[in-house]
Amino acid sequence: MGLPIHPVAGGGAACMDTLSSKAASMRESLQKSQTITDNIVSILGSFDHRLSALETAMRPTQIRTHSIRRATENIDRTLKSAEVILTQFDLSRQAEAKVLKGPHEDLESYLEAIDQLRSIIQFFGNCKGFRNNEGVANHVNSLLGKAVLKLEEEFKQLLSLYSKPVEPDRLFECLPNSMRPSSGSHGDQADSGAKSHGDSKTSENAVYTPPALIPPRILPLLHNLAQQMVQAGHHQQVLKIYRDTRASVLEQSLRKLGVEKLSKEDVQKMQWEVLEAKIGNWIHFMRIAVKLLFAGERKVCDQMFEGIESLRDQCFADVTASSVELLLSFGDAIAKSKRSPEKLFVLLDMYEIMRELHSEIDMLFNGKTCAEMREDAFGLTKRLAQTAQETFGDFEEAVEKDATKTAVSDGTVHPLTSYVINYVKFLFDYQSTLKQLFQEFEKAEDANSQLASVTMRIMQALQTNLDGKSKQYRDPALTHLFLMNNIHYIVRSVRRSEAKDLLGDDWVQRHRRVVQQHANQYKRIAWAKILQSLSTQGLTSSGGGTGIPSDGGNSSGVSRALIKDRLKTFNVQFEELHQRQSQWTVPDTELRESLRLAVAEVLLPAYRSFVKRFGPLVESGKNPSKYIRYTPEDLERMLGEFFEGKTLNEPKR
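Remember, it's a predicted structure, so these values are computed and weren't measured experimentally. Residue indices begin from 1 for each chain and proceed along its sequence in written order. The model is predicted, so local features are restricted to residues of pLDDT at least 70 and side-chain atom pairs to those at 80 or more, both for listing and for counting; the totals for chains, interfaces and linings are taken over all residues. Working from all heavy atoms in the structure, the side-chain values ignore hydrogens and water.

1. A look at the overall build of the chain
And then number 1: Broken down by element type, the chain carries 22 helices and zero strands.
And then number 2: When burial is assessed residue by residue, the chain has 43% of its 653 residues classed as buried.
And then number 3: Here a residue-residue contact requires only that any non-hydrogen atoms of the pair lie within 4.5 Å. For the chain, restricting intrachain contacts to residue pairs at least 6 apart in sequence, the fraction spanning at least 24 positions comes to 82%.
And then number 4: Accessible surface computed for the chain: about 35500 Å², of which carbon and sulfur atoms make up 52%. Think of it this way: any DSSP run of H or I at least four residues long counts as a helix, any run of E at least two long counts as a strand, and we number them from the N terminus. Type-normalised accessible area, obtained with a 1.4 Å probe on protein chains alone, sets the label of each residue: buried when under 20%, exposed when over 50%, and partly exposed for intermediate values. Using the Shrake-Rupley algorithm and a 1.4 Å probe, accessible areas are obtained, with residue cover drawn only from the displayed protein chains.

In structure tokens, the structure reads:
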């Protein structure tokens, strides 16, 4: 589409000129722009060539700059590493200063220095690029070795300083009140030991407070020292120092208490009273040793070697070994010594204390390192039980075969009887102990029946022996009085003791009947002859004697001379009986009165009847008092003097 041409007259040429002029102007402008563009392109081409040349010229500089940058970074890293190493050297010098100074003034800092030395050794061990790391490590290792030696010396000194023997009074204060000695003397604790069986339940429930063998404030320091030494490989040194220090202190504590080393030969030579006292002391010492000293030592080991399992049990075992051996050797000497009946109860006391301490020994001496001591203690318990059981058999045999020549001329209770009965009574004070002892060997059998069987055998052995002893009497009446007294004593003692429950009512009733049988036999034998003199049999006279009736009775045909003879015989016999049997003894008041009454019930009615019937024959003659010497009341009074055990020189009542 073109410009519109206006048909203006005369103006067309002018317009064309104007257009041509503008077009020329535009062409000229375009040519100039092209020229400028060409010039610019030419200039830019020249710049590109120059830049390329410049870049080529700058490349070495760039390479040097990069190398410098990398070197700078390496230098920085090296400086930092050097700074760390220098820091370790500084720490090493600081630790060395503390080590050389020693642990006495500041143990905590000393232990920190040792830890620091170990860290330095580890650091240089890992620092492979440092040329002198081996030399530094050797130096620090040497320093650490010196530090640990000083530490070892400090451990030894500190342990020795605070390890002191425990005084007996201090130990007694740790006992329950009921078990503390009544006096200030601790040389003889036999009573405390001997009474142990009577209150075993009390002792089991009693509270014991083990003493602090090392002050609690010192234990953490000793723990740290031991730990550092173990870390340095000084395990055996710790063990030796602890054993050498604590073992001797523990032994000293026992010796101060009164514990002494006695062999089997020493025990055999001792008089029984001395040995019995020492056994009582030993029982007391065992309780104190286990419940206080060994328990306190175990507590020290547990705290000092907490976390050091390899040392805890071994140290306890090594420290207590000699003390345990010292205590058990005495018990073993008693268990293996010559058996005798009087030793049974101390054997039971010793067995009882070992049973009482069984659980504590098992707890304190646990683990492999203490196995031997634990087994030694339990082995002693078994040996004591075995010896006690064998002593039972010895006692039974000794009772049956006792050949004591000690005669009891008055027919009273024989010393053997009272000894055996007291023995059996004591046995029943040990019922629970005996049942435990029986079960050591015959677990399937009922312990009650075993105890009953033992008791019955002992009683039977005693009766067999008494039967033999009763035959020593020439007077058969005294034989039966002797057996009556002794069996009555046995029955009464059984009825008043716990033996009754085991032996049973049948046993008691059967033996009461035996007592009555011997009483009846005594009456029959002792009084038959004198009662014969009061009988009417054989009084009929064949001669012409004077007869005098009495109370409607008829005494005609009775010889006055015969009556006199009978009365004289009665008087002589009664006086002999009175003289002899007032020296005999019936020690039990009730039995004595019963026996007198039984005699009076037979004698007095017979005498009254005889005198009443035949007395007038004598009274009418000369000197009637010569024949009727006693009234019934006199006889009754004199019967009251029978069985009193009077001596010949003792006046009549």
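2. Regarding the layout of surface pockets
And then number 1: Of the grid points, spaced at 1 Å and generated over the protein atoms alone, those admitting a 1.4 Å probe that cannot get out make up cavities, while open sets with protein on both sides within 12 Å along at least five of seven lines make up pockets; any residue with an atom within 4 Å of a point is treated as lining. Grid points are joined across faces, edges and corners, and a volume is the space filled by probe spheres set on the points. By volume, the largest pocket is sized at about 440 Å³.
And then number 2: If you trace the largest pocket, you find 17 residues lining it, with His488, Arg512, Val515, Glu590 and Leu591 closest to the centre.
And then number 3: Going through the elements one at a time, α18 (476-495), α19 (499-533) and α21 (589-619) are the ones with two or more residues in the lining of the largest pocket.
And then number 4: With six residues, α19 is the single largest residue contributor to the lining of the largest pocket.
And then number 5: We call Asp, Glu, Lys and Arg charged. Ala, Val, Leu, Ile, Met, Phe, Trp, Tyr, Cys and Pro are nonpolar, and the rest, Gly among them, are polar. Classifying every residue of the lining of the largest pocket by side-chain character gives six nonpolar, four polar and seven charged.

3. Digging into helix α8 (residues 235-257)
And then number 1: The terminal C-alpha atoms of α8, which comprises 23 residues, lie 33 Å apart, in line with the 33 Å expected from a rise of 1.5 Å per residue.
And then number 2: Taken together, the buried positions of α8 are occupied by Val238, Leu239, Ile241, Tyr242, Thr245, Arg246, Ala247, Val249, Leu250, Ser253, Leu254 and Leu257.
And then number 3: Of the residues flanking the end of α8, it is glycine 258, one or two places downstream, whose phi is positive at about 125°. Helix span is expected to be 1.5 Å times the residue number reduced by one.

4. Here we look at the side chain of threonine 391
And then number 1: On the secondary structure map, threonine 391 appears in helix α14 (residues 371-401).
And then number 2: A distance of 2.6 Å separates the side chain of threonine 391 from the backbone oxygen of threonine 387, its partner in a polar contact.
And then number 3: Once you skip the residues sitting within four places of it in the chain, threonine 391 turns out to touch Arg339, Ser340, Pro341, Leu344, Leu347 and Tyr423. Any pair of N or O atoms that falls within 3.5 Å is considered a polar contact. Within protein, one atom must be able to donate a hydrogen and the other to accept it, and sequence-neighbouring residues count only if both atoms are side-chain atoms.

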